[in-house]
Amino acid sequence: MENTILVTGGAGFIGSNFILQRMERDSASIVNLDKLTYAGNLHNLEAITNERRYEFVHGDIADRSLVRGLLERRKPRAIVHFAAESHVDRSIRGPEDFIRTNVDGTFALLEEVRAYWEVLVDQERADFRFLHVSTDEVYGSLGPSDPAFSESTPYAPNSPYAASKAASDHFVRAYHHTYGLPVLTTNCSNNYGRFQFPEKLIPLVILNARDGKPLPVYGDGQNVRDWLYVADHCEAIANVLTRGRVGETYNIGGWNEKRNIDIVETICDMVDEMAGSRGASRRNLITFVKDRPGHDRRYAMDATKIERELDWRPVETFESGIRKTVRWYLENEEWVRDVTSGSYRQWIETHYSS
Ligand code: NAD
Ligand code: DAU
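Here the residue index of a chain counts from 1 through its sequence in written order. Working convention: letters from A go to chains and numbers from 1 go to ligands, in the order in which they are written. Reporting in this predicted model follows two pLDDT cut-offs: at least 70 for local features of residues, and 80 or more for side-chain atom pairs to be given and counted; totals over whole chains, interfaces and linings ignore these cut-offs and use all residues. Where side-chain values are given, they derive from all heavy atoms of the structure, hydrogens and water being excluded.

(A) Seen up close, the site of ligand 2. Being near a molecule or strand, for a residue, means having at least one of its heavy atoms within 4 Å of it. Every one of the 24 residues lining ligand 2 counts as a neighbour, but D136, Y161, R292, H295 and Y352 are closest to it. Definition of a polar contact: a pair of N or O atoms within 3.5 Å, with one able to donate and the other able to accept a hydrogen when the atoms are protein atoms, and with sequence-neighbouring residues admitted only if both atoms are side-chain atoms. Note that an oxygen atom of ligand 2 is positioned 2.8 Å from one of the backbone N or O atoms of L201. Separating a nitrogen atom of ligand 2 from a backbone N or O atom of P216 is a distance of 2.8 Å. Numbering goes from the N terminus for both helices and strands, where a helix is a DSSP run of H or I of at least four residues and a strand is a run of E of at least two. The set of elements that each furnish at least two residues to the shell around ligand 2 consists of helix 7 (201-211) and strand 8 (215-218). Broken down by element, the shell around ligand 2 gets its largest block of residues, 3 residues, from strand 8.

(B) Local environment of the side chain of H351. Structurally, the position occupied by H351 is in helix 13 (residues 343-353). To sort residues, take the accessible area from a 1.4 Å probe on protein chains only and compare it with the maximum for the residue type: under 20% means buried, over 50% means exposed, and anything in between is partly exposed. Relative accessible area serves as the criterion here: at 13%, H351 is assigned to the buried category. At a separation of 2.8 Å, a polar atom in the side chain of H351 contacts the side chain of Y218. Contacts of H351, omitting those with residues within four sequence positions, involve D89, R93 and Y218. A contact between two residues is defined here by any heavy atoms of the two lying within 4.5 Å.

(C) Focus on the site of ligand 1. Residues in close proximity to ligand 1 total 28 residues, the closest being I14, D34, S86, Y161 and K165. One nitrogen or oxygen atom from the side chain of T101 is found 3.1 Å from a nitrogen atom belonging to ligand 1. Only the protein chains shown count as cover for residues, and the accessible areas themselves come from Shrake-Rupley with a 1.4 Å probe. Notes on ligand 1: free accessible area 840 Å², of which the protein chains cover 97%. Elements that contribute at least two residues to the shell around ligand 1 include exactly helix 1 (13-25), strand 5 (129-135), helix 6 (160-179) and strand 7 (190-192). Ranked by residues supplied to the shell around ligand 1, first place goes to strand 5 with 3 residues.

(D) Looking closely at the side chain of N239. With respect to the helices and strands, N239 occurs in helix 8 (residues 230-243). The class for N239 is buried, based on a relative accessible area of 14%. At 2.5 Å, the side chain of N239 forms a polar contact with the side chain of R243. With sequence-adjacent residues up to four places away left out, N239 is seen in contact with G244, L310 and W312.

(E) A look at the sheet that holds strand 4 (residues 78-81). Paired strands are those between which DSSP finds at least two bridges. What the 7 strands build is an open sheet, ordered 3-2-1-4-5-6-10; its pairing is parallel. With one partner strand each, in any of the chains shown, strand 3 (54-58) and strand 10 (249-252) form the two edges of the open sheet. Pairs of neighbouring strands in the sheet enclose a mean axial angle of 20°, with direction left out of account. Relative to strand 10, strand 6 (residues 183-188) runs parallel, the two being bridged by 4 bridges. Within the sheet, the bridge partner assigned to T185 lies in strand 10 and is T249. Angles shown run from 0 to 180 degrees and are taken between the N-to-C directions of axes, each axis being a line fitted to C-alpha atoms and, for helices, limited to the stretch in contact. Across the sheet, helix 2 (residues 64-74) touches strand 1 (4-8), strand 2 (29-34), strand 3 and strand 4, and the angle it forms with strand 2 is around 175°. This element, helix 6, spans strand 5 and strand 6 of the sheet and lies at about 155° to strand 5.

Structure follows, in structure tokens:
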């Protein structure tokens with residue numbers, strides 16, 4: 001077995017941040033298996049494209065013969081599974097892709113990984129890990145004074161996206177319980193940072209604010225999310241991969257609960273400060289729009305377990321992370337131009353016109 005990690009979905013937002021961070025901080029080789037859906041972007045990884053320790057493979061996690069061949073050829077010591085359809089609004093408009101990738105795809109991957117792992121011997125078999133990257137949305141929605149989600153909170157997924165992730169989490173758990181596959185699961189809160197596709201709240205608002213376009217806030221804007229800077233999430237995953245207890249799940253969060261309206265106002269003020277406001281606050285662009293169907297009211301993560309067991313804590317505060325993020329989107333016009341053509345424009349038109 002080689003010192004190689006197979007990352008799935010590594011051309012997406014979190015996956016590409018994870019690969020760049022690990023290439024810098026670790027000595028492992030990384031193989032990135034990605035289907036390059038609308039959300040996958042190889043430009044994110046330009047800095048390492050020619051590195052000997054990095055290989056990109058274009059393909060689907062549900063393509064079992066491709067996955068089998070890849071495992072045989074590269075003999076990874078671990079899998080870090082990011083690949084998924086990840087946008088709640090898209091799952092409401094068309095859930096099928098979410099079942100195909102998040103459920104069927106994860107199942108196919110688990111089957112091939114199990115076959116690979118079962119014939120490993122001794123230390124290699126004992127050291128192998130399958131880390132499944134999941135979300136806080138599987139726990140459902142909290143009331144205003146409910147305690148934050150812990151690892152023992154019962155699952156209650158509300159959107160088709162959350163249901164598909166919950167299903168994949170259950171398969172991962174079952175593969176450990178039934179076959180002994182050495183799995184780890186992480187459930188993380190909302191991420192933000194560079195490379196996030198601008199269909200998601202934070203990059204969408206930054207770019208619309210920059211361009212003087214309406215800033216769509218769903219419902220009354222009082223929904224609460226718990227925000228974590230993406231580099232902190234990646235470091236947490238690396239910690240769980242190295243030192244997490246097999247079969248366990250770890251909640252990851254930044255202790256940073258914010259109402260959507262407060263996030264949007266903060267971004268308006270930062271864009272005014274960084275790009276100039278010509279006397280008119282960008283807060284005037286805020287537009288309340290029809291609510292997301294089934295919109296979860298509040299998420300909050302109790303990250304005590306990972307802090308206590310693995311000594312992980314976020315480095316970035318929300319204030320420092322959001323400043324870096326706003327600056328990055330304002331300074332990376334070419335990246336933005338690249339991802340906001342074609343299918344992106346079509347999504348924005350269809351989704352926000354209704
Ligand atoms: P993303 O949508 O930005 O990226 C997903 C990546 O997966 C893309 O590169 C895409 O091309 C690839 N992909 C999709 N279907 C595939 C398939 N069938 N085979 C191979 N590759 C495929 O997603 P993200 O925001 O980076 O999220 C990554 C993971 O983290 C997901 O599993 C998501 O559920 C989880 N997560 C995300 C957040 C968040 O706030 N973004 C928070 C917690 C957990
Ligand atoms: O909690 C983790 C999850 O966070 C991840 O599992 C998902 O992959 C990720 O997409 C994210 O889901 P959310 O639905 O919370 O993120 P999104 O950025 O789509 O929305 C954040 C909040 O902002 C949510 O309450 C809906 C609201 N919103 C979103 C958009 C796109 C708006 O008010 N207006 C918008 O235009």
